[in-house]
Amino acid sequence: MSEIHVDFGDRSYVVIVESGALGSLGSRISTAMKPSGVIVVTNPVVGEWYGDLAEASIAGAGLKVSRITIPAGERFKTMRTLDRVLRQMVELGADRRGVVVALGGGVVGDVAGFAAAVYMRGVRVVQVPTTLLAMVDASVGGKTGVDLPSGKNLVGAFHQPSLVLADIDTLRTLPARELRAGFAEVVKHGIIFDQGLFDFSFTNAEALLRRDTVAIEHVVCRSVEIKREVVQKDEREAGLRAILNYGHTVGHAIESLTGYAQYRHGEAIAIGMVVEARLSEVIGVAEAGLARRTAEALRRFRLPTAVPAELSADAILAAMMADKKTVGGELRFALPDRIGHCRVVEKVDANSVSAAIHQCRK
Ligand code: NAD
Ligand code: GLY
């Protein structure tokens, strides 16, 4: 079992990474939070696998527990879903001392976290990530929100969880494609912050894809530690936290242009990382070879690395302009200068971006 402390003063919390952690959910909530009741927000798939286990643990600790189920998938990460969750919370009698448990992947975590952030001006949320992507990234750091038709995560709030409980055993039921998508964020953490994690992932890719518990626990813990290092220094993305967006400027554009249907979030980010590594080479921030090494690592996890032929560079550029990371119409990117180190580069010219996109086609 690993316990990683995230220090935000009186909003500090721990991230528990452990096989079988779900069994201790109720006792941990009861002891640390003394809530008036607990509402588990999940989706039909995760609810079917783990809903009863989570609820039994919570009820076993003597707490009142109810469940809200939202539809699965990014296309339901919307204001409409948020509205339904909030109305059900009222119907269930949730009060300000209640706790929301987000049981699922990043979509459930973002929606339930946002509901907790705004319900009665804020109630506590416990993140229980059940995808690799949510364990290594989405459950930690307090970003919550929903998409608008015009773009991803355009509405949201920073709302730190009161506890994160990552039960590695839940990854056993995760579809292989979802598991692979999660490794994109692990590779990202290696590239932006820690060559050791990059090398470990590269060398142990097959064990990781086989869901070897020891290897998985290592990359989850190291990723959480890296994210903690970054978000503790810059909770609200005034500067440093932007490095976590490496691959996301191009990746979000690809997700949006393909209607959130063709690629999993991690897959789009994988392509985005290769393009942005190439961009870093094109504008002279990184030496030649970064994009090749990035693509090699991602291919080890059977992730896509090429920009789809049907997406023009102009369309990708236009979608990037609509992204909330673009400020004042000027393109800015988190760009690695080498494996293990990344910085934000402002005012990147569109021609260089187009060139990088063209060089990353199939
Ligand atoms: P997801 O939440 O859509 O989950 C993927 C699929 O896996 C779903 O269909 C779900 O039903 C299924 N699933 C989840 N856990 C399972 C399990 N243990 N067994 C079987 N099936 C399971 O996708 P995701 O990749 O986890 O999250 C992507 C979302 O996270 C995006 O919306 C992205 O914007 C967001 N995100 C947020 C942050 C943040 O800091 N808040 C960071 C990264 C990504
Ligand atoms: N996933 C990016 C962030 O949390 O800032």
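Everything discussed here concerns the structure shown above.
The following paragraphs examine the structure supplied in this document. (Residues numbered from 1 in each chain as written. Chains lettered and ligands numbered in written order. Predicted model: local features only at pLDDT ≥ 70, side-chain atom pairs only at ≥ 80, totals over all residues. Heavy atoms only, no water.)

### As for the overall build of the chain
1) Next: A count of helical and extended segments in the chain gives 14 helices and eleven strands.
2) Next: Its C-alpha atoms give the chain a radius of gyration of 20 Å, within 12% of the compact-globule value 21 Å for 362 residues.
3) Next: Counting across all 362 residues of the chain, residues that qualify as buried make up 58%.
4) Next: Taking all contacts inside the chain whose residues are at least 6 apart in sequence as the whole, residues at least 24 apart take part in 76%. (Helix = DSSP H or I, 4+ residues; strand = E, 2+ residues; numbered from the N terminus. Rg over C-alpha atoms; globule rule 2.2 N^0.38 Å. Buried < 20%, exposed > 50% of the residue type's maximum accessible area, 1.4 Å probe, protein only. Contact = heavy atoms within 4.5 Å.)

### Focus: the packing of aromatic side chains
1) Next: Taken as a whole, this structure holds four aromatic pairs when the rule is applied.
2) Next: Taking 4.5 Å as the distance between ring centres and 20 degrees as the angle between the ring planes, the aromatic pair formed by F183 and F301 counts as stacked. Remark: F301 occurs in the loop between helix 12 (290-300) and helix 13 (313-322) and F183 occurs in helix 6 (residues 176-193); sequence separation between them is 118 residues.
3) Next: Positioned above the aromatic ring of F202 is the side chain of R300, whose terminal nitrogen or guanidinium carbon lies 4.2 Å from the ring centre. (Phe/Tyr/Trp six-rings, centres within 6.5 Å; stacked < 30°, edge-to-face > 60°. Lys NZ or Arg CZ within 6 Å of the ring centre and 35° of its normal.)

### As for the side chain of S354
1) Next: Its place among the elements puts S354 in helix 14 (residues 350-359).
2) Next: You can call S354 buried: its relative accessible area is 14%.
3) Next: For S354, the contacting residues outside a window of four places in its chain are A313 and L317.

### Some details on the environment of G289
1) Next: The topology assignment puts G289 in the loop between helix 11 (265-282) and helix 12.
2) Next: Overall, the relative accessible area of 18% leaves G289 in the buried class.

### Structural notes on the site of ligand 2
1) Next: As a structural note, the neighbourhood of ligand 2 is formed by D137, K143, K227, R241 and L244.
2) Next: Residue D137 places a side-chain N or O atom 3.2 Å away from a nitrogen atom belonging to ligand 2.
3) Next: Residue R241 places a side-chain N or O atom 2.7 Å away from an oxygen atom belonging to ligand 2.
4) Next: For ligand 2, whose accessible area on its own is 200 Å², the fraction buried by protein is 88%.
5) Next: Class assignment for the residues of the shell around ligand 2 results in one nonpolar, no polar and four charged. (Near = heavy atom within 4 Å. Polar contact = N/O pair within 3.5 Å; in protein donor to acceptor, adjacent residues only side chain to side chain. Areas by Shrake-Rupley, 256 points an atom, 1.4 Å probe, with all protein chains shown as cover. Nonpolar A, V, L, I, M, F, W, Y, C, P; charged D, E, K, R; others polar.)

### Focus: the site of ligand 1
1) Next: Around ligand 1 sit 27 residues, and of these E74, T130, T131, K152 and T173 come closest.
2) Next: Within the side chain of N43, one N or O atom sits 2.9 Å away from an oxygen atom of ligand 1.
3) Next: For ligand 1, a nitrogen atom lies 2.9 Å from a polar atom in the backbone of K143.
4) Next: Compared with its free state, where it exposes 870 Å², ligand 1 has 92% of that area covered by protein.
5) Next: Every element with two or more residues in the shell around ligand 1 is listed here: helix 2 (44-60), helix 4 (106-118), helix 5 (132-138) and strand 8 (151-158).
6) Next: It is helix 2 that contributes the most residues to the shell around ligand 1, four residues altogether.
7) Next: Each residue belonging to the shell around ligand 1 can be placed in one class, and the counts come to nine nonpolar, nine polar and nine charged.

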